Amino acid sequence: MRALVPGRATGEVIVLEESLSFWGGYDPVSGFIIDGAHPQHGESLAGKIVVMPHGRGSSSASSVLAEALRLGTGPAGLVLDEPDQILVIGSLVARLLYGVVCPIYVGQVKEMSGETIELGEK
Amino acid sequence: MTAGMRLDEADRATLAGEAGDARRIAMELLVAVGETIGAPSLLDISSAHIDGCLYHGLAGLDFARKLAAAGGSVSVPTTLNVSSLDLLHPDLVRADPEDAERSRAQMQAYESMGCRPTWTCAPYQLPDRPRLGEQIAWGESNAIVFANSVLGARTNRYGDFLDICCALTGRAPAAGLHTDEGRRATVLVDVTVPDAWRDEELFYVGLGYVLGAIAGTAVAVIVGLDQRADEDRLRALGATAASSGAVGLFHVAGVTPEAPTAEQALGGEPPEKVVRVGAHEVETALARLGSSSESLGAVSVGTPHASLGEVESLAEMCAGRKTRVPFFVNTSRDVLDRAETSGAAGKVRGFGATFVTDTCTYITPIIGEVGGSVMTNSGKWAYYAPGNLGFEVVMGSLADCVESAVRGVAVFTGPFA
């Protein structure tokens, strides 16, 4: 897997069946998916390794990701099928402002849904 | 950290802090992002549009304050997106006082860095919009897709934070939609629908929803449209596609500037994917966007911000009539100013409608308790309002919105019901 934002994280894998726009789709206060059209509406991503195809929708997703990381409701790490600069900058700013590391990798871990995995090099 | 990217002397000086702390931070972030997306270098941009001025929580305010406190000032002309306050009509917004205070502080931080207080999600409606081939760094998904597709300017999908980094440095990673290769269509969308649909604004909304689902982040060329796909209709198409997918650019053969033909948009290569879209797909998309059958509680139009043409159409449709439900028209202060001069704004107010500027009814609490669903002509509003605000949505054309408001129940004048 290629690191977009390097770092280590451990968490339960949740594979999103569809891409999620953090803005309008995720509530950073409660930590739940609020996009009513999303198949995993109502699930939490807090502390999980989130696997999704790519980012989606509004370019405000970076703010919402950074805010979720500030509040502790963000994912522990992200694994994407393809690079997404909107999510990468959200993670980098959370690290810059609050020292919270949310590594982002490009790769495949789809078979691991529900398992706890460790992301990043030891 | 710059192993993968070739930086010029000025970039390296900025990175070393010679242009001040704010530009150093901005350059560090730009380089990190440029490397993740495989950009070989940075390129000059001629304008920026900042989405990050909208308050989503302390993280956005903390970042703006950090850059402003570090002496940040933009190095290219920079416009500002909507905020969560309506400065011209402050009583409209029912925001929590603490959030309102923080929103204002975030707006001020961006203004203090030299950004223009335009407060609109439709900067392409302002004078001096970017031209074909111009390199820019824009945030706000509907503005990005419009600038790329309709104007032929070149921007990647810049998010909050990255937009101000580009504005501060005047640079952007030379990758993706900034490059010829990144702008080449790889998906062909072949549209076959009843000819009269091409005169219906809702057709473009439905097609946009389908396009977003088909294309994801890929660039598509649409065949089967004609000159009736005017700017406002392409805008509706793009705004919806950028909501249901991550579409930053689409071409329309024979209509948009980089697609005289589908073959040219495809760069002479065969498409990787061909998708046929017919009446059924468009109708299904519209039904998914607006499924409510509740009674009508309110109407909201102008997402993205209504153009002067749309405000004038609305003024004609509502002449001598009265709305029975709260009716909101979102637009920019610049367009509202021009609509005041033309007289259209007065007619819209005479109908009983309320103008909302600087912000939008789906990002901030303006529409209060409503006794029923909210009708909109906007695919983007329909996509986000249920999650953001909990409203049931019903999709209608601008004409449907006016008819429904007058009668107090949802009515449909066109082929989509």
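Everything below is about the structure printed above this text.
This write-up is about the structure you can find in this document. None of these values were measured; they are calculated from a predicted model. (Residues numbered from 1 in each chain as written. Chains lettered and ligands numbered in written order. Predicted model: local features only at pLDDT ≥ 70, side-chain atom pairs only at ≥ 80, totals over all residues. Heavy atoms only, no water.)

### Some thoughts on the layout of surface pockets
Then, number 1: By volume, the largest pocket amounts to about 730 Å³.
Then, number 2: Surrounding the largest pocket, 29 residues form its lining, B:Tyr55, B:His56, B:Gly57, B:Asp99 and B:Ile363 being those nearest its centre.
Then, number 3: Taken together, the elements giving at least two residues each to the lining of the largest pocket come down to helix H1 (22-25), strand S3 (26-27) and helix H2 (61-71) of chain A together with helix H4 (97-112) and helix H15 (379-389) of chain B.
Then, number 4: It is H2(A) that contributes the most residues to the lining of the largest pocket, 4 residues altogether.
Then, number 5: A class-by-class count of the residues in the lining of the largest pocket yields 16 nonpolar, 8 polar and 5 charged. (1 Å grid on protein atoms, 1.4 Å probe; cavity = no way out; pocket = protein on both sides within 12 Å on 5 of 7 lines; lining within 4 Å. Points joined across faces, edges and corners; volume = space filled by probe spheres on them. Helix = DSSP H or I, 4+ residues; strand = E, 2+ residues; numbered from the N terminus. Nonpolar A, V, L, I, M, F, W, Y, C, P; charged D, E, K, R; others polar.)

### Quick look at the pattern of salt bridges
Residue and element names in this part refer to chain B.
Then, number 1: Taken as a whole and judged by the stated rule, the model has 28 salt bridges over all chains.
Then, number 2: The shortest N-O distance in the salt bridge between Arg154 and Glu258 comes to 3.9 Å. Taken together, the positions of Arg154 in the loop between helix H5 (141-151) and helix H6 (162-169) and Glu258 in the loop between strand S8 (250-252) and helix H10 (262-265) put the pair 104 residues apart, joining distant regions of the chain.
Then, number 3: A salt bridge links Arg338 to Asp334; the shortest N-O distance between them is 2.8 Å. Note that Arg338 and Asp334 are positioned in helix H13 (residues 333-342) at a spacing of 4 residues, about one turn of the helix.
Then, number 4: Relative accessible area serves as the criterion here: at 32%, Arg338 is assigned to the partly exposed category. (Salt bridge = Lys/Arg side-chain N within 4 Å of Asp/Glu carboxyl O. Buried < 20%, exposed > 50% of the residue type's maximum accessible area, 1.4 Å probe, protein only.)

### Focus: the packing of aromatic side chains
Then, number 1: Enumeration according to the criterion identifies 11 aromatic pairs over all chains in this entry.
Then, number 2: Note on A:Phe22 and A:Tyr26: the rings are 5.5 Å apart at their centroids and 75° apart in plane angle, and the pair reads as edge-to-face.
Then, number 3: Taking relative accessible area as the criterion, A:Phe22 reaches 0% and is therefore assigned buried.
Then, number 4: With a centroid separation of 6.2 Å and an interplanar angle of 50°, the aromatic rings of B:Tyr209 and B:Tyr383 are classed as tilted. A residue pair is termed long-range when its members are at least 10 positions apart, and B:Tyr209 in helix H8 (residues 201-215) and B:Tyr383 in helix H15 qualify at 174 residues.
Then, number 5: The class of B:Tyr209 is buried, set by a relative accessible area of 9%.
Then, number 6: Cluster of aromatic residues (ring-pair linked, three or more members): A:Trp23, B:Tyr209, B:Tyr383 and B:Tyr384. (Phe/Tyr/Trp six-rings, centres within 6.5 Å; stacked < 30°, edge-to-face > 60°.)

Just distances and angles here, no functional claims.
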